[in-house]
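# An overview of the molecular structure
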Amino acid sequence: MRRLTLILGLFWAVHASGADVSFQREVWPIFKRHCIGCHSEQKKKGGLRLDDVAALLKGGKSGPLFVVGKPDDSELIDQVTGDEPEMPQNDAPLSRAKVKVLQDWIAQGGKIDGPPKSDVPPVTIPQFYAYAPAISSVTIRSDGKFAAVACRSEVVTFNVDDDVTPRRLPTDFDLINHVELSPDGQRLAVAGGSPQQFGGIIFFHAADGTRESARRVGTDTLFKGNFAPDGQTIAVGGPTGAVYLIPVDEKAPVKNIELHSDWVTAVAFTADGKQLITGSRDKTTKLSSVEGLNLLRSVDQSPEMINAVAADPLTAISGGKAGVLLRLRL
Ligand code: HEC
């Protein structure tokens, strides 16, 4: 709280004194926090990139981002203000204080005092935790003897029946959302990433903790997943509504199915590996074909988001915030 007061105090002081708004220190952090997920090198929505000075000054498909000295005539301000601001798309509007920073910056000339800095601190994993970290995902081998647990940025694996020191497997993910052992128990998949930066997947050899392969997927954290029955591919849900089919083999391409309109929070293969059941924050449960990468059926009967799905050879079930279990005959 003290720190917050200090920051607010500083903020006020900067503005009250009439000092120029700094692009690097004040504007860029707003873009980075709220916009970069869709306006960066990887994703230039509306033709606009905000993570590069030249591109930012060029603007998007409707032209320049701002008119020097004239916030009210600027596309940027137009997009983030109004009764229902269009940007950031699908997200809460910017606070008035943040909008004011952007307005003042343009009014003062829209100067760039330094390039966008990617000052994201590297992930650090404490040697000892002062408090037990929250667990986000667990998996256990079918013989019940080996398990893996995800805590923030690392996975801990251990033998259930003996007290040999657990093995710690660090990652560079801000948060791990999913760990899963392959059906034969040999391989451990770890999915997650860092918000508004990257989604990531790492495959470890379960027994000795060595890395088999790893890759980045998209520009935001990945959620839950499920190994295909053959253990060679994992399907993982993403934040933009896509489900990614990620092979263990690094040279094989990642395929994706654009299925949902919001976070894909749960994924399960059918027993034969031919179909996928997915659940989403968009409240739907969907069945799709793995080979055709297309939608087969959609169930829209939940009034709230879905966050768990499962399947046996005949039936799929899904459930979520509404507390109702939906059933789909396969
Ligand atoms: C979830 C994705 C998403 C986020 C986050 C997002 N945008 Fe956009 N933005 C879009 C899309 C999609 C378009 C294109 C809309 C269209 O063409 O109708 C767009 C268009 C724009 C445009 C118009 C570009 C042009 O020249 O036509 C501006 C300006 C803009 N966004 C600014 C922002 C700002 C500033 C933020 C952060 C406060 C932001 N956006 C966050 C998806 C996003």
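Residues numbered from 1 in each chain as written. Predicted model: local features only at pLDDT ≥ 70, side-chain atom pairs only at ≥ 80, totals over all residues. Heavy atoms only, no water.

### What about the UniProt feature "repeat: WD" (unreviewed entry) in the chain?
Heads up, the condition is: UniProt positions are given in the numbering used here, feature names are shortened, and annotations may be inferred rather than shown by experiment. For helices the rule is a DSSP run of H or I covering at least 4 residues; for strands it is a run of E covering at least 2, with both sets numbered from the N terminus onward.
Residues given the UniProt feature "repeat: WD" (unreviewed entry) here are residues 257–287. As annotated, residues 257–287 comprises 0% helix and 55% strand, and the C-alpha atoms at either end are separated by 11 Å.

### Notes on the pairing of strand β7 (residues 198–205)
In plain terms, the rule: Buried residues are those whose accessible area, probed at 1.4 Å on protein chains only, stays under 20% of the maximum for their type, while exposed residues exceed 50% and partly exposed ones sit between those limits. In short, DSSP must find at least two bridges between two strands for them to pair.
Taking burial as the measure, the 8 residues of β7 include 7 buried ones, the bulk of the element. Pairing of β7 with strand β8 (residues 211–216) involves 5 bridges; the strand directions are antiparallel. Its bridge partner being in β8, Phe 204 is matched across the sheet by Arg 211.

### Describing the coordination of the iron atom of the ligand
Inclusion rule: The donor set covers N, O and S atoms within 2.8 Å of the metal, switching to 3.2 Å for Na, K and Ca, and it leaves out water, so a site may look short of donors. Geometry assignment treats four donors as tetrahedral when all angles are between 85 and 135 degrees, treats four as square planar and six as octahedral when opposite donors are over 155 degrees apart and all others between 65 and 115, and treats everything else as irregular.
Ligation of the iron atom of the ligand by protein atoms is provided by His 39 (NE2) and Met 87 (SD), these donors lying 2.0 to 2.2 Å from the ion. Between the 6 donor atoms coordinating the iron atom of the ligand, the angles at the centre fall across 84 to 179°, so the site counts as octahedral. Here the residue His 39 occupies a position in the loop between α2 (23–34) and α3 (53–58), and Met 87 occupies one in the loop between α4 (75–80) and α5 (96–107), the gap between them amounting to 48 residues.

### Comments concerning the pairing of strand β14 (residues 275–280)
Both faces of the sheet carry side chains from a regular strand, because those side chains alternate between them. Across the 6 residues that make up β14, a large majority, 5, are buried. Pairing between strand β13 (residues 264–269) and β14: 5 bridges, direction antiparallel. Bridging from a neighbouring strand, Ala 268 pairs with Ile 277 of β14. Between the antiparallel neighbours β14 and strand β15 (residues 285–289) lie 4 residues, among them Lys 283 with a positive phi of about 80°.

### Let's talk about the site of the ligand
Note the following rule: In this text, near means that some heavy atom of the residue lies within 4 Å of the molecule or strand in question. Definition of a polar contact: a pair of N or O atoms within 3.5 Å, with one able to donate and the other able to accept a hydrogen when the atoms are protein atoms, and with sequence-neighbouring residues admitted only if both atoms are side-chain atoms. Note on residue categories: nonpolar means Ala, Val, Leu, Ile, Met, Phe, Trp, Tyr, Cys or Pro, charged means Asp, Glu, Lys or Arg, and polar means any other residue, Gly included.
The immediate surroundings of the ligand are formed by 18 residues, with Cys 35, Cys 38, His 39, Ser 62 and Met 87 found nearest. Within the contact set of the ligand, a nitrogen atom lies 2.8 Å away from a side-chain nitrogen or oxygen of His 39. Residue Ser 62 places a side-chain N or O atom 2.4 Å away from an oxygen atom belonging to the ligand. Top contributing element to the shell around the ligand by residue count: α4, with 4 residues. Each residue belonging to the shell around the ligand can be placed in one class, and the counts come to 8 nonpolar, 7 polar and 3 charged.

### Observations regarding the sheet that holds strand β4 (residues 167–170)
The strands making up a sheet associate through backbone hydrogen bonding, with each pair oriented either parallel or antiparallel. Worth spelling out the cut-off: Here an axis means a line fitted to C-alpha atoms, over the contact stretch when the element is a helix, while the angle between two N-to-C directions is reported on a 0 to 180 degree scale.
If you trace the 4 strands from one edge of the open sheet to the other, you get β1-β2-β3-β4, paired in antiparallel fashion. The sheet is open, and its two edges are formed by β1 (135–140) and β4, each paired on a single side. Pairwise comparison of adjacent strand axes, ignoring direction, gives a mean angle of 20° for this sheet. Pairing of β1 with strand β2 (residues 146–151) involves 5 bridges; the strand directions are antiparallel. By the bridge assignment, Ser 137 is partnered in β2 with Ala 150.

### Remarks on the packing of aromatic side chains
Threshold: A pair of Phe, Tyr and Trp rings is counted when the ring centres sit within 6.5 Å of each other, with Trp represented by its six-membered ring. The angle between the planes then sorts it: under 30 degrees is stacked, over 60 is edge-to-face, the rest tilted.
Evaluation of the coordinates by the stated rule reveals 6 aromatic pairs. Consider the rings of Phe 23 and Trp 105, whose centres lie 5.6 Å apart with planes at 35°: the pair is tilted. You can see Phe 23 sitting in helix α2 and its partner Trp 105 sitting in helix α5, a full 82 residues away along the chain. By the burial criterion, Phe 23 is buried, and Trp 105 matches it. With a centroid separation of 5.1 Å and an interplanar angle of 45°, the aromatic rings of Phe 223 and Trp 263 are classed as tilted. On the criterion of sequence distance, the pair formed by Phe 223 in the loop between β8 and β9 (225–227) and Trp 263 in the loop between β12 (255–258) and β13 is long-range, its members being 40 residues apart. Using a relative accessible area of 16% as the deciding quantity, one classes Phe 223 as buried. Its relative accessible area of 33% is what places Trp 263 among the partly exposed residues.

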